[in-house]
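Chain by chain, the residues:
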Amino acid sequence: MSADVRPIAASELGEWLRTLNAGFLTPARVTDADVALRAKYSDLARILGAFDTRTGRCVATFRSFGQRLTVPGGAAVPSSALSNVAVLPTHRRQGLLTRMMSAELAAARARGDVLSTLIAAEYPIYGRYGFGPAASLSEWEIDVPRTGLDRRRSGRPADGGRIDLVDAAEVLEVGPELHERVRAATPGAVDRDERWWRLATGLEELSYRPYTEKLHAVYRTADGEVAGLAVYTADDHWTDAKVPLNTVQVKDLIAVTPDAERALWHFLCSIDWVMKVRTGGRAPDDLVTRFLPDPRSARPLTSADYLWVRLLDVVRALGARTYAVPGVLVLEVADAAGLADGRYRLDAGTGTCERTEEPADLRLDVSALSSLYLGDESAVRLGALGLVAELRPGALTLADAVFRTARRPWCPDLF
């Protein structure tokens, strides 16, 4: 079958949304309000559709939007975030994703985006387009009675701060500024726009993704400054003997200090009737388990790749982040799309990167360099897997020291 891949017209947005829902196995019904809400926050020029030339129907969807990604050192680099990628099962394996991806990556490079990001639903798809897994995610389930916390006192911060339950309107007031402080200090974190906050607080809602009422807890320091936010839901599960077995599910927990984070986790573990707390997606080295007197009370549930990155401008990308140790590496980067290929000299001491003709120390694909970029992956490990070739003895060890970060990157958001 042949298909026309192009930006959609405003009149096609409803059909595009129905195709997207069908591709993600969700109800296809789309209301006029859904279309209006999507149009309100979207740039139609960055919404692609594939249209079957025989039927004229939209059979694949693809969207990008501007984003800021925090990198080691705190800089926020411009990114083209990819989302809503779906191909109907009737039109798979016909190259539609490749055509949409190629068009978007070329456009992103021309726009001046340093890199592209996405959350991969399936692992095998995106490596062939130059993306690499760059930040992982873990989740734990806390067995509250085993934590060793004194439930009579664990809900009261020991540092003089306090925790208040607030409504969605107050979250909308204090949340964005708090998140910006957290994002600026968290490599792997991305910015949240107005649409994110309005959907997260239920002020706007999609018919095919109904809002679930949530509870909100704000941590304030002794001086009254907002330093943390926990958003959560709770089930209603009791035994036949009237014993509570409720579980709290954390939807979002951000904090600017370890004290604030500790206070929020202790608060969640102090709520009456709650026997389990599921943490939601956290960084693999998150402090949550060590905030508990008995870390073994937190059972691992999930450990997987999460945020994927694709470098588009190597010079600007490597020059934007900082490095733990000085050192010079010459990287020979291969990129089948021709967007980032070339030889680059990285001086980690000065934080500068430039194209060079010097002999290469390492040879690697852009997907491998993208995996190294935020500091989560090991160059030595990629070398052992045959994904990075060492051309100068010791270069892999140096690359490990240069790129790795003391704390692992974390992306709190699904997009």
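Note that this is a predicted model, so its numbers are computed, not measured.

K.L.:
Looking at this model, I keep getting lost on the overall build of the protein. Mind explaining?
P.N.:
Looking only at helices and strands, one finds ten helices and 17 strands in the protein. The C-alpha radius of gyration computed for the protein amounts to 23 Å, which stays within 12% of the reference 22 Å derived for 415 residues, consistent with globular compactness. Projected onto its principal axes, the C-alpha coordinates of the protein cover approximately 65 × 60 × 40 Å. When each of the 415 residues of the protein is scored for burial, the buried share is 51%. The long-range share in the protein, meaning contacts at least 24 apart out of those at least 6 apart in sequence, stands at 72%. Side chains of the protein give 51 positive and 55 negative charges; the mean places of these two sets differ by 3 Å.

K.L.:
Just checking my understanding: could you explain the side chain of Arg-192 for this structure?
P.N.:
Following the sequence through the fold, Arg-192 ends up in the loop between α4 (168-184) and α5 (194-200). Look at Arg-192 and you get buried, because its relative accessible area is 9%. At a separation of 3.3 Å, a polar atom in the side chain of Arg-192 contacts the side chain of His-179. In terms of polar contacts, Arg-192 uses its side chain to reach the side chain of Asp-252, at 3.0 Å. Residues within four places of Arg-192 in sequence aside, it is in contact with His-179, Trp-197, Asp-252, Ile-254, Pro-412 and Asp-413.

K.L.:
Explain the packing of aromatic side chains to me, please; I cannot follow it from the model alone.
P.N.:
Inspection of every chain in the model, using the stated rule, returns seven aromatic pairs. The interplanar angle of 70 degrees and the centroid separation of 4.9 Å between the aromatic rings of Trp-238 and Trp-273 together place this pair among those described as edge-to-face. With a gap of 35 residues between them, Trp-238 in the loop between β9 (226-234) and β10 (246-255) and Trp-273 in the loop between α6 (258-268) and β11 (274-278) connect regions that are remote in the sequence. Look at Tyr-323 and Phe-403: their rings are 5.9 Å apart centre to centre, the planes differ by 85 degrees, and that puts the pair in the edge-to-face class. Residue Tyr-323 is located in the loop between α7 (314-320) and β13 (328-334), and its partner Phe-403 is located in helix α10 (residues 395-403); the two are separated by 80 residues in the primary sequence. For the pair Tyr-323 and Phe-403, one class covers both residues: buried. Taking NZ or CZ as reference, Arg-192 lies 3.9 Å from the ring centre of Trp-196, over its face.

K.L.:
Quick question: what am I supposed to make of the pattern of salt bridges here?
P.N.:
When their charged atoms lie close together, side chains carrying opposite charge are able to pair. Applying the stated criterion across every chain, the model contains 33 salt bridges. With its nearest N and O atoms 3.7 Å apart, the salt bridge here joins Arg-278 to Glu-141. A residue pair is termed long-range when its members are at least 10 positions apart, and Arg-278 in strand β11 and Glu-141 in strand β6 (residues 132-143) qualify at 137 residues. Here Arg-282 makes a salt bridge to Glu-261, at a shortest N to O gap of 3.4 Å. Here Arg-282 is found in the loop between β11 and β12 (298-311), whereas its partner Glu-261 is found in helix α6, with 21 residues between them in sequence. Exposure remark for Arg-282: the relative accessible area of 3% places this residue in the buried category.

K.L.:
I'm lost on unusual backbone geometry in this one. Help?
P.N.:
Comment: phi is negative for the bulk of residues other than glycine, and the bulk of peptide bonds are trans. Non-glycine residue Arg-93 carries a positive phi angle of around 60 degrees. Within the secondary structure, Arg-93 is located in the loop between β4 (76-87) and α3 (96-111). The class of Arg-93 is exposed, set by a relative accessible area of 74%. Despite not being glycine, Lys-242 has its phi angle at roughly 65 degrees, a positive value. Examined against the element boundaries, Lys-242 turns out to sit in the loop between β9 and β10.

K.L.:
How should the nonpolar core be read in this particular structure?
P.N.:
Most often, soluble globular proteins keep nonpolar side chains buried together rather than apart. By size, the foremost hydrophobic cluster in this structure holds 45 residues, and its most contacted members are Leu-307, Leu-318, Leu-331, Tyr-373 and Phe-403. If you tally residues by element for this core, the top one is α10, at five residues. With 27 residues, the next largest nonpolar core counts Trp-140, Ile-142, Val-144 and Tyr-219 among its residues.

K.L.:
Is there a simple way to think about the sheet that holds strand β16 (residues 362-365) in this case?
P.N.:
What links the strands of a sheet is backbone hydrogen bonding, and the strands pair in either a parallel or an antiparallel sense. Strand order in the open sheet made by the five strands is β15-β14-β13-β16-β17, with mixed pairing throughout. One side of each edge strand has no neighbouring strand; the edge strands of this open sheet are β15 (352-355) and β17 (388-390). Each neighbouring strand pair of the sheet contributes to a mean axis angle of 25 degrees, computed without reference to strand direction. Relative to β16, β13 runs parallel, the two being bridged by four bridges. Among the inter-strand pairings, Leu-331 is bridged to a residue of β16, identified as Leu-362. Lying over the sheet, α10 contacts β13, β14 (342-347), β16 and β17, oriented at roughly 100 degrees with respect to β13.

K.L.:
Whenever I open this one, the packing of helix α1 (residues 13-23) against helix α2 (residues 32-41) confuses me. Can you help?
P.N.:
Any two packed helices are characterised by how steeply their axes cross, that is the angle between the axes, and by the distance between the axes. The interhelical angle for the contact between α1 and α2, taken along N-to-C directions, is 100 degrees, at an axis separation of 10 Å. One finds that α1 runs roughly perpendicular with respect to α2. Judged by residue contacts, Leu-13, Gly-14, Trp-16, Leu-17 and Leu-20 of α1 engage Asp-34, Val-35, Arg-38 and Ala-39 from α2. When grouped by side-chain class, the residues that make up the contact of α1 with α2 number six nonpolar, one polar and two charged.

K.L.:
In this structure, what is going on with the sheet that holds strand β7 (residues 162-166)? I would like to understand it.
P.N.:
With mixed pairing, twelve strands are arranged side by side in an open sheet as β1-β2-β3-β4-β5-β12-β6-β11-β10-β9-β8-β7. The open sheet terminates on both sides in strands that have one partner only, identified here as β1 (3-7) and β7. Across the sheet, the axes of successive neighbouring strands diverge by a mean angle of 25 degrees, strand direction being ignored.

Definitions and cut-offs
- Residues numbered from 1 in each chain as written.
- Predicted model: local features only at pLDDT ≥ 70, side-chain atom pairs only at ≥ 80, totals over all residues.
- Heavy atoms only, no water.
- Helix = DSSP H or I, 4+ residues; strand = E, 2+ residues; numbered from the N terminus.
- Rg over C-alpha atoms; globule rule 2.2 N^0.38 Å.
- Buried < 20%, exposed > 50% of the residue type's maximum accessible area, 1.4 Å probe, protein only.
- Contact = heavy atoms within 4.5 Å.
- Lys, Arg positive; Asp, Glu negative; His and termini not counted.
- Charge placed at Lys NZ, Arg CZ, Asp CG, Glu CD.
- Polar contact = N/O pair within 3.5 Å; in protein donor to acceptor, adjacent residues only side chain to side chain.
- Phe/Tyr/Trp six-rings, centres within 6.5 Å; stacked < 30°, edge-to-face > 60°.
- Lys NZ or Arg CZ within 6 Å of the ring centre and 35° of its normal.
- Salt bridge = Lys/Arg side-chain N within 4 Å of Asp/Glu carboxyl O.
- Core = buried A, V, L, I, M, F, W, Y, C linked by side-chain atoms within 4.5 Å.
- Pairing = 2+ DSSP bridges.
- Axes fitted to C-alpha atoms, helices over the stretch in contact; angles between N-to-C directions.
- Parallel < 35°, antiparallel > 145°, perpendicular 65-115°, else oblique.
- Nonpolar A, V, L, I, M, F, W, Y, C, P; charged D, E, K, R; others polar.

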